[in-house]
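Coordinate inspection notes
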Amino acid sequence: MFEKEYDVVVVGGGHAGAEAVAAAANMGSKALLVTMNLQTIGQMSCNPAMGGIAKGQIVREIDALGGYSGIVSDKSAIQFKMLNKSKGPAMWSPRSQNDRMRFAEEWRMMLEGTPNVDFYQEMVVGLLVKGNRIAGVRTSLGLDIKAKSVVLTNGTFLNGLIHIGEKQFGGGRAGEKAATGITEQLVDLGFDSGRMKTGTPPRVDGRSLDYERMIPQPGDQFPEKFSYLDTPVLKTQRDCFMTHTSKEVHEILKEGFDRSPMFNGRIKSIGPRYCPSIEDKINRFAEKDSHQIFVEPEGWNTVEVYVNGFSTSLPEDVQYKALRTVRGFEKVKFFRPGYAIEYDYFPPTQLKHTLETKIIENLYFAGQINGTTGYEEAASQGLMAGINAHLKIHDKEPFTLQRDEAYIGVLIDDLITKGTEEPYRMFTSRAEYRTLLRQDNADLRLTPKGYEIGLASEERMRKMEEKERKSKEFVEFFRNTSFDPTDMNQILEEVESAPVKQADKMFKVFSRPKVSMEHMLQLKEVSDYVKERNIDREVMEQAEIQVKYSGYIEKEKSNADKLQRLENIRIPDNFDYTKLKSLSFEAREKLQTIRPVTISQASRISGVSPSDISVLLVFLGR
Amino acid sequence: MISQDTIVALATAPGTGAIAVIRVSGPDAISTTSQVFEPVRGGSLTKASSHTVHLGYLKEDGRTLDQVLVTVFKGPNSYTGEHVTEISCHGSPYIQQEIIQLFLRKGCRMAEAGEFTLRAFLNGKLDLSQAEAVADLIASENAASHQLALQQMRGGFSNEIKNLRQELLNFASLIELELDFAEEDVEFADKKQFSELLTRIQQVFRNLIDSFALGNVIKTGIPIAIVGEPNVGKSTLLNALLNEERAIVSPIPGTTRDTVEDELVIGGIGFRFIDTAGIRETVDVVESIGIRKTHEKIENARLVIYLVDAKEVNLTQEKRKEVQGRLALLKDQYPGKEMLLVVNKVDALEDGVLSRLTEEIPNALFISAKENKGLDTLKDQFLNLVNTGALTSGDTIISNTRHYNALIRATEEIRKVQEGLESGLSGDLLAVDIRQALYHLGEITGEITTDDLLGNIFANFCIGK
């Protein structure tokens, strides 16, 4: 009942799986998406939002390469915000609130509209392996689906175990079955596996809330969007709301601590430190009397509301009693309680930079199975796994991104080099070259690469080229055009910057901290230029950043180049670290398992010291 | 592999010993050594056979540094497989450092930790079975040299750098917190505290850097300026100090420098008087505190002797106040300089007056240059300033050339951070410079990764919606 043999079979239809199957299919592979439930493709299991700090940059990168997450987010957005706008451009981070149901629907429609994507609904219970090479998957009905390559994106479903208070039951998400069989088989094949934990807050009935008692959190006045393509910009938006917990709330929550799976030892696995449950916050930061709670609508029309900041696995009666004590929640009705979930993951140090496993050829892992958390992190891995699965079976060069090229590069390099003990989330501080990895230039950084491998469309490439050319010309205009000192001093007075004595190039004054594009547009030459050349907002923003931050951008570029030297020293595939007795024991162990490709990668492995690196350099004859 | 550059480093344990060995290796090892080495038997090292030992003097511009033994090894028959000279010199850190400095000036490069062994390995001087031992050695040399380098910096300083780095790291975490968790309900960096920290860091680094710079200056002596009104006895004091010194300077070759007219060596440390010619002009009527020339002198000095006439200060209370006022003004104007208030011509005072004056001017030294009184105390005072680190002696430096460079760069980055902070630069751009500064400090104290920052944040702040 299936194609004789698929090029790529993707197991799981979440953010990672959806991107993976789309990428492989768009590049020309015959691809199949197998999922336990075709109704939950592109499901937002946690909060109804995409992007945020560092994550928004990732969505832009996915879009620039030709992935779908940006487009789906734009089409289903109910609110848009550019976070951190008061800071430098590297920090500007787009975030959307989304209609959960529309989001999933858009994903389904996008995939249905992608030629080469087939669908099948059933649980995959095993992998077909020939020697050390993947051959397909086996379903719960006992059907064998043959495939040249397989991408596993199982999310929290592998032996998922849900905890609410003292109750626990198997499940991959609230109301959905867990997946069994795959972990056991992989362990038999020689993989290490571990357990991780994450949690989610209660969903409640918006009609039962008193929004008058909360602080509205509206979207941007002039909302932007994720995709570099022509997706719609929001005309109306829905507000979020903010409220706070209090001492009283904390006291009620504490009453349930003895029945908390977090504290009574039932949950042993590690949860993310930066996304703690409310009980964890109270326990670890006892001195804080109040924590923020964000109330996020789940869609345009639904009354369901997501209680962000109140993730918990306390007994449902405690959740209910405590939440009713929160300002604005006095009459709250629950749709469903919050819960914690434990699931299997495979330490990602068992992967190559392409996300192919080291043990089984043509088998790829993406998303939470690699110990990450977050839709954006998952989607970007899915995209990269889908791309590389396609490239590998078509005998093409692998596609990887460097740490100075993309957050996606940072993410994957961190995963396979350092592994992760807790669910891994992206932060801008994880990137050494944050100033280079901006949301405004993801297209300039990545679209040419996406185009070259045959994923980013012609339209995308032309748009990017036009933006690049126009920005460059605009910057040149500022470099070459002189201002009239009288006009300029008017602006400088307005921003309280020192006046100029004589005419000079615009670039000089534009570089000053307080002078913005808005000010420059007050000069007739500039506004004329913008009108004549039909300069849009994106080009203006790009030119402004290039003028104002060129010093920092250049500095980080040169730092990145310096590191590139170590990046170029490759370590042979079969290098035997066990023979290097002079390496520290820890370094030897780690190097032997992680098997870094370059000296630079080796230097990022925790436990590998600078002296270990010198030893390596000696043996490599440098 | 053929190395292009010639490297130099101390081959024996650092510190004071009977002798020390300095090793030079690379294509120019023998020719460079030959340029500065005068064999007792005459001839040139370049013509010497391999594996021979030569007695002679190390000289630069006619100035003798030390009497040494030079052993010549010609590549490939040497430890590193390159041309090598090994210079056995007298064991004081001062001499060691002088010699290494000399080779650095002649175009050699300071060897990295373990670099001699590395070169030996790369030149195939060690076979495969020895290879593991080599790597071990390099690893241990790294650890040891790192340790050593830290010890060699004055203990207080190295701790201070570590502490400052930690403080900077804490602030960097706060800045990152503000960036990555802008929406969280947490307290962010206190800009004023941060600015104070930056100022403090710059001061400490400046001191360290100065101490290094001073080490380099030692070969020409720590510069001293004698300033004061005409006829207070500047020239007499100068002659008294120098004449006495001439008697002390011993002509043992290699342990002292050629005596220079205006130079004074006390306890192995060189001091040099600025503008002696100016002082010696008998009619220096135009000179007085406050004129431009005097300020130039002070500018170039590390140590300033403000000389006054005992008879003058004895005259009135006002006069004494005036002197103290000027001293305070000088200290204010030149915060980096050490100022000594010296009252001359105590021989001209009547009996009993001196003890009263010492009480009235407690911060002064009382001397008679004419009668050689109090000069030893004055010279002890010079040395004290060196020993307390106010003026730095030479033994803190040489192996820390890398630290010196790291400090210079770190200071530059810190300065940029402070500038940025003052002009209201956004945190992500400040972070670019802070990260660079941390990186350079990491070169001194160990490594840093971005994980440090995140770990710091998660440990101290309640994060997460």
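As annotated in an unreviewed UniProt entry, chain B is tRNA modification GTPase MnmE from Muriicola jejuensis. The Subcellular location (unreviewed entry) comment attached to chain B in UniProt states, word for word, "Cytoplasm". One UniProt comment on chain B, placed under Sequence similarities (unreviewed entry), says "Belongs to the TRAFAC class TrmE-Era-EngA-EngB-Septin-like GTPase superfamily. TrmE GTPase family."

In the annotation of an unreviewed UniProt entry, chain A is listed under the name tRNA uridine 5-carboxymethylaminomethyl modification enzyme MnmG and assigned to Muriicola jejuensis. Listed under Cofactor (unreviewed entry) in UniProt, the entry text for chain A is "FAD". Quoted straight from UniProt, the Subunit (unreviewed entry) entry for chain A says "Homodimer. Heterotetramer of two MnmE and two MnmG subunits."

1. Quick word on a nonpolar patch on the surface
Residues B:V40, B:V53, B:L55 and B:L69 make up a contiguous nonpolar surface patch of roughly 340 Å² in combined accessible area. Considering the arrangement of structural elements, one finds B:V40 in the loop between β3 (37–39) and β4 (52–60).

2. Observations regarding unusual backbone geometry
With an omega of 0°, the peptide bond between B:G75 and B:P76 qualifies as cis. Within the fold, B:P76 resides in the loop between β5 (63–73) and β6 (84–90). Despite not being glycine, A:D395 has its phi angle at roughly 55°, a positive value. Mapping A:D395 onto the fold places it in the loop between α9 (375–393) and α10 (407–418). Even without being a glycine, B:N372 presents a positive backbone phi close to 60°.

3. Some words on the domain arrangement of chain A
Residue and element names in this part refer to chain A. When cut into domains, chain A gives domain 1 (6–198 + 343–453), domain 2 (458–565) and domain 3 (569–620). Overall, the association of domain 1 and domain 3 removes approximately 620 Å² of surface from exposure, summing both partners, and the carbon and sulfur fraction of that is 53%. Counting the surface domain 1 buries against domain 3, the share from its top three residues, K358, T417 and K418, is 58%. D413 is the salt-bridge partner of R604, the closest N and O atoms lying 2.6 Å from each other. Our enumeration of links across domain 1 and domain 3 arrives at four residue pairs in polar contact (both at pLDDT 80 or more). Of the residues belonging to the side of domain 1 that touches domain 3, the class tally is one nonpolar, three polar and five charged.

4. A look at the packing of aromatic side chains
Residues and elements named next belong to chain A. Under the counting rule described, the total for this entry stands at 17 aromatic pairs over all chains. Ring geometry for F257 against F263: centres 4.6 Å apart, planes inclined by 45°, an arrangement best described as tilted. The partly exposed category is assigned to F263, whose relative accessible area is 30%. On the basis of an interplanar angle of 75° and a centroid distance of 5.5 Å, the ring pair of Y320 and F334 is categorised as edge-to-face. Separated by 14 residues along the polypeptide, Y320 in helix α8 (residues 316–323) and F334 in strand β18 (residues 334–336) bring together distant segments of the chain. Given the relative accessible area of 22%, F334 is considered partly exposed. Following the ring pairs from residue to residue traces out a cluster consisting of F474, F477, F478, F510 and Y529.

5. A look at the pattern of salt bridges
Inspection of the entire model under this criterion finds 65 salt bridges over all chains. The partner of B:K373 in a salt bridge is B:E371, with the nearest N and O atoms 3.3 Å apart. Owing to a relative accessible area of 45%, B:K373 belongs among the partly exposed residues under this scheme. Taking the relative accessible area as the measure of exposure, B:E371 reaches 42% and is therefore partly exposed. Each of A:R403, A:D413, A:D414, A:K418, A:E432 and A:R604 takes part in one network of salt bridges that share partners.

6. Let's talk about the UniProt feature "binding site: Mg(2+)" (unreviewed entry) in chain B
The UniProt record marks B:S235 and B:T256 with the feature "binding site: Mg(2+)" (unreviewed entry), using the residue numbering of this structure. One can find B:S235 in helix α7 (residues 234–248).

7. With respect to the nonpolar core
Among the nonpolar cores identified, the biggest contains 106 residues, and A:V9, A:V150, A:L152 and A:L363 are the most heavily contacted of them. At ten residues, the largest contribution of residues to this core is made by α9(A). Two domains each donate at least three residues to this core, and these are domain 1 (6–198 + 343–453) and domain 2 (458–565) of chain A. Other than its neighbours up to four places away in sequence, A:V9 contacts A:L32, A:V34, A:V137, A:I145, A:K146, A:A147, A:S149, A:V150 and A:V151. With 35 residues, the next largest nonpolar core counts B:L169, B:L177, B:L421 and B:L430 among its residues.

8. A closer look at the state of the cysteines
In a disulfide, the sulfur atoms of two cysteines are held together by a covalent bond. Per the counting criterion, the structure on display carries zero disulfides over all chains. The closest cysteine sulfur to the non-disulfide-bonded A:C240 is located on A:C46, 14 Å from its own sulfur. Overall, A:C240 belongs to the buried group, its relative accessible area being 6%. Left unpaired, B:C108 is separated from the closest cysteine sulfur, that of B:C89, by 15 Å.

9. Focus on helix α2 (residues 55–65) of chain A
Residue and element names in this part refer to chain A. Among the eleven residues that make up α2, eleven are buried, leaving the element largely enclosed by the rest of the structure. Residues K55, G56, Q57, I58, V59, R60, E61, I62, D63, A64 and L65 constitute the buried set of α2. Backbone geometry just after α2 places G66 at a positive phi near 110°.

10. Thoughts on the sheet that holds strand β3 (residues 49–51) of chain A
The strands that make up a sheet pair up through hydrogen bonds in the backbone, lying either parallel or antiparallel. All names here are of chain A. Pairing in this open sheet of three strands is antiparallel, and the strands run β3-β5-β4 from one edge to the other. Where the open sheet ends on each side, the last strands, each with one partner, are β3 and β4 (77–83). Pairs of neighbouring strands in the sheet enclose a mean axial angle of 20°, with direction left out of account.

11. Let's talk about the environment of A:S260
Residues and elements named next belong to chain A. Residue position: S260 is located in the loop between α6 (247–255) and α7 (278–284). By relative accessible area, which is 0% here, S260 ends up buried. When the C-alpha atoms of S260 and L314 are compared, they prove to be 5.1 Å apart, with 54 residues separating the residues in sequence. Every residue in contact with S260, bar those within four places of it in the chain, is listed here: E279 and L314.

Basis of the calculations
- Residues numbered from 1 in each chain as written.
- Chains lettered and ligands numbered in written order.
- Predicted model: local features only at pLDDT ≥ 70, side-chain atom pairs only at ≥ 80, totals over all residues.
- Heavy atoms only, no water.
- UniProt positions renumbered as here; feature names shortened; annotations may be inferred.
- Patch = residues over 30% accessible without salt bridge, like charges linked within 9 Å, V, L, I, M, F, W, Y side chains within 5 Å.
- Areas by Shrake-Rupley, 256 points an atom, 1.4 Å probe, with all protein chains shown as cover.
- Salt bridge = Lys/Arg side-chain N within 4 Å of Asp/Glu carboxyl O.
- Helix = DSSP H or I, 4+ residues; strand = E, 2+ residues; numbered from the N terminus.
- Domains from an automatic or database assignment.
- Buried area = accessible area lost by both parts, 1.4 Å probe.
- Polar contact = N/O pair within 3.5 Å; in protein donor to acceptor, adjacent residues only side chain to side chain.
- Nonpolar A, V, L, I, M, F, W, Y, C, P; charged D, E, K, R; others polar.
- Phe/Tyr/Trp six-rings, centres within 6.5 Å; stacked < 30°, edge-to-face > 60°.
- Buried < 20%, exposed > 50% of the residue type's maximum accessible area, 1.4 Å probe, protein only.
- Core = buried A, V, L, I, M, F, W, Y, C linked by side-chain atoms within 4.5 Å.
- Contact = heavy atoms within 4.5 Å.
- Disulfide = S-S within 2.5 Å.
- Pairing = 2+ DSSP bridges.
- Axes fitted to C-alpha atoms, helices over the stretch in contact; angles between N-to-C directions.

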